Amino acid sequence: SASASASAPQHPAMLDDNADNWKSYTTKDGHPYYYHRKTAYSTWEKPECLKTELEKDTNYQTQKWYEDEGYDPFEDDMYFESYTDLSLQGEMIGDKARSDSYLRAMLKFADVDFKDKVVLDCGCGTGLLSFFAVKAGAKRVYAIEGSALATTTLRVVEDNDLADRVHVYHARIEDVELPEKVDVIISEWMGSCLIFESMLGSVLHARDKWLKPGGILYPSRAAIYVAPIEAAKYFGKRVDFWHDVYGIDMRAFLPSARKCSLEKPMFDRDVEARDVLVARGAEKLVVTYDLMTMTIDEIEHLHAEFDFEVMRDGVLHGFAAWFDVHFESSRAYGARIAAGVTDRAADDAVCLSTAPYHTITHWKQLSMLFDEGDRVRRGDRIVGDIDILRNTYWRRHFNFDVACTIKARAAAAADGDGGD
């Protein structure tokens, strides 16, 4: 058998318990970061040797940083600032699979959820979804945007003569006071692997405070999947390349190449359908969220065990994760829940999927690659588990840990639990 882990090793500097080897600095905003004198390693994370006993208490830290409804001003400022970059906004708007899914859902269910209704657009950005809501017949839209982009979005609203129907607020959703409750909340809150960036908490806050009974979220349902993959082209370009560079043996660079290219999950890598080592539909469902009822605590720690059967000969280089979301009308959602159906979306729901088998989106897929690949054959089994944990310090970020064992086809057959 073979085993591998996608967990990145901790930097050696963080294991140094000599406080004299660390120097701290403070940004102009009053936030400290730390510099290790011997290795030149710098980090926002406070080293263990510099912490007080109270600071080492995770529960205390979480309470301290999030006593104001989960608000970390420094991290939020960086997050909102990133969304003022128009190249990012253009990438999202130009993602036809994304934008078309929202428009298609709103128009499909316009008579039920939008015509003459009040809508809240949580994190409106350029205001595109607010305009879609108006197109679907919304009487009034409250467009909330935490970044400075809100100023220009307001101008766009005025330039399109919609100031009487679209009301732009430059504020965090947690700070907004609306004049009324709403029938629908629309939001494109999804990050890489669905939950990265953690805007979901803001959407759930808006749901609990502003959504009318019988109202609906667009989308209303979300799920995360994982599957084993081959990444031969990526390894060839980033790692194996160093074996022979113009006839020169440069394998001494391999450890650095692996560290640079494989140490962390990759959020911007397109996984091709042919690279998935299991049959379509055999991917592992890690979690499903009913966005109408879930709480933010449900994203703190995700765990799933898997047992994949390999469908073709190849090399296991790691795993990919992706997500899908469903848009259901309030009527269909209510009927589904009343019927006790919780394992799938309503039959007429609109699905936006980021799976490798569908049209590529700006989210692409998340890749978790091992330092080296392991050969697998058709019929082999890949058994293991995955943990996704919300970062203790940077709460918009997540840590991924994957461990697996390959059970060869012949061995599995001999065990009586697999093989041809």
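The shown structure was predicted, so the numbers you read here are calculated from the model rather than taken from an experiment.

Quick notes on the rules
Residues numbered from 1 in each chain as written. Predicted model: local features only at pLDDT ≥ 70, side-chain atom pairs only at ≥ 80, totals over all residues. Heavy atoms only, no water. Phe/Tyr/Trp six-rings, centres within 6.5 Å; stacked < 30°, edge-to-face > 60°. Helix = DSSP H or I, 4+ residues; strand = E, 2+ residues; numbered from the N terminus. Buried < 20%, exposed > 50% of the residue type's maximum accessible area, 1.4 Å probe, protein only. Expected span 1.5 Å × (residues − 1). Arc of directions from axis to C-beta. Polar contact = N/O pair within 3.5 Å; in protein donor to acceptor, adjacent residues only side chain to side chain. Contact = heavy atoms within 4.5 Å. pLDDT = per-residue confidence, 0-100. Pairing = 2+ DSSP bridges. Axes fitted to C-alpha atoms, helices over the stretch in contact; angles between N-to-C directions. Core = buried A, V, L, I, M, F, W, Y, C linked by side-chain atoms within 4.5 Å. Parallel < 35°, antiparallel > 145°, perpendicular 65-115°, else oblique. Left-handed = near helix turned anticlockwise from the far one by under 90°. Nonpolar A, V, L, I, M, F, W, Y, C, P; charged D, E, K, R; others polar. Right-handed = clockwise from strand over helix to strand, strands pointing away. Salt bridge = Lys/Arg side-chain N within 4 Å of Asp/Glu carboxyl O.

> Can you explain the packing of aromatic side chains? Please cite residues and give values.
What characterises a pair of aromatic rings is the spacing of the ring centres plus the angle enclosed by the ring planes. Applying the stated criterion across every chain, the model contains 14 aromatic pairs. Arranged with centres 5.3 Å apart and planes meeting at 50 degrees, the rings of tryptophan 242 and phenylalanine 253 form a pair that is tilted. One end of the pair, tryptophan 242, is in the loop between helix H9 (232–238) and helix H10 (254–262); the other, phenylalanine 253, is in the loop between H9 and H10, with eleven residues separating them in the sequence. Judged by relative accessible area, which is 25%, tryptophan 242 ranks as partly exposed. The partly exposed category is assigned to phenylalanine 253, whose relative accessible area is 45%. Between the aromatic rings of tryptophan 322 and tyrosine 357, the centroid separation amounts to 6.1 Å while the plane-to-plane angle is 85 degrees, which identifies the pairing as edge-to-face. With tryptophan 322 in strand E14 (residues 314–327) and tyrosine 357 in the loop between strand E15 (350–353) and strand E16 (365–376), this residue pair connects regions lying 35 residues apart in the sequence.

> So what about helix H4 (residues 96–108)? Which residues, and what values?
The end-to-end C-alpha distance of H4, which contains 13 residues, comes to 17 Å, matching closely the 18 Å that a straight helix rising 1.5 Å per residue would cover. Turning to H4, its buried residues number three or more, namely Arg98, Ser99, Ser101, Tyr102, Ala105 and Met106. The arc that holds the buried residues of H4, viewed along the axis, is 160 degrees, so those residues lie on one side. One side-chain oxygen of the residue at the start of H4 lies 3.3 Å from the amide nitrogen of alanine 97, identifying that residue as aspartate 95.

> Kindly report on unusual backbone geometry, identifying the contributing residues and their values.
Looking along the chain, the bond that leaves tyrosine 218 and enters proline 219 is cis, with omega of 0 degrees. For cysteine 193, which is not glycine, the phi dihedral falls at a positive 50 degrees. Relative to the elements of secondary structure, cysteine 193 occurs in the loop between strand E8 (182–186) and helix H8 (200–210). The exposure class assigned to cysteine 193 is buried, which follows from its relative accessible area of 5%.

> Give me H8: which residues, what numbers.
Within H8, eight of the eleven residues are buried, which leaves it mostly tucked inside the rest of the structure. All of the buried residues in H8 are Leu200, Ser202, Val203, Leu204, His205, Ala206, Arg207 and Trp210.

> Describe the environment of serine 367, with residues and values.
Topologically, serine 367 is positioned in strand E16. Relative accessible area serves as the criterion here: at 0%, serine 367 is assigned to the buried category. Taking the C-alpha atoms as reference, serine 367 lies 4.5 Å from alanine 320; in sequence the two are 47 residues apart. Not counting residues within four places of it along the chain, the set of residues in contact with serine 367 comprises Ile229, Pro265, Met266, Arg269, Val271 and Phe319.

> Outline the confidence of the model for the chain, listing residues and values.
Interpretation of this model should avoid reading the predicted coordinates in detail wherever pLDDT is low. Mean pLDDT over the chain: 86, with 85% of residues reaching 70 or higher. Here residues 1–8 is modelled with pLDDT under 50, and outside its nearest four sequence neighbours on either side it reaches 23 contacts, counting other chains as well. Per-residue pLDDT stays below 50 along residues 58–71; that stretch engages in 18 contacts with residues further than four places along the chain or on separate chains.

> Go over the sheet that holds strand E7 (residues 166–170), please, and point to the residues and values.
Strands sit in the order E7-E6-E5-E8-E9 across an open sheet of five strands; the sheet is parallel. Each of the sheet's edge strands pairs with one partner strand only, and the pair in question is E7 and strand E9 (211–218). In this sheet, adjacent strand axes meet at a mean angle of 20 degrees when their direction is disregarded.

> Describe the nonpolar core, with residues and values.
By size, the foremost hydrophobic cluster in this structure holds 104 residues, and its most contacted members are Leu120, Leu194 and Phe319. Take this core: its biggest share by element is eight residues, from E14. Excluding anything up to four places from it in sequence, leucine 120 contacts Tyr142, Ile144, Ile173, Leu178, Val182, Val184, Ile185, Ile186, Ala206 and Trp210.

> So what's going on with the packing of H4 against helix H6 (residues 128–135)? Which residues, and what values?
Running from N to C, H4 and H6 cross one another at 25 degrees; their axes reach a closest spacing of 9 Å. In terms of their interaxial angle, H4 and H6 are classed as roughly parallel. Handedness of the H4/H6 crossing: right-handed. Contacts between H4 and H6 pair Arg98, Ser99, Tyr102, Leu103, Met106 and Leu107 from the former with Leu128, Leu129, Phe132, Ala133 and Lys135 from the latter. Split by residue class, the contact of H4 with H6 holds eight nonpolar, one polar and two charged.

> Describe the pairing of strand E17 (residues 381–390), with residues and values.
Within E17, seven of the ten residues are buried, which leaves it mostly tucked inside the rest of the structure. Note that strand E13 (residues 301–309) and E17 share nine bridges and pair antiparallel. The residue of E17 that forms the bridge with phenylalanine 308 is isoleucine 382.

> Tell me about the pairing of E7, residues and numbers included.
Each regular strand displays side chains that alternate between the two surfaces of the sheet. Relative to E7, strand E6 (residues 140–145) is paired through five bridges, and the arrangement is parallel. Counterpart to valine 141 in the pairing with E7 is valine 166. Handedness of the E6-helix H7 (residues 149–159)-E7 crossover: right-handed.

> I'd like a description of the pattern of salt bridges, backed by residues and values.
Counted under the stated rule, the structure contains 20 salt bridges. Where glutamate 263 meets lysine 259, a salt bridge forms, and the shortest distance between an N and an O atom there is 2.9 Å. What makes lysine 259 partly exposed here is its relative accessible area of 43%. Here arginine 344 makes a salt bridge to aspartate 343, at a shortest N to O gap of 3.4 Å.

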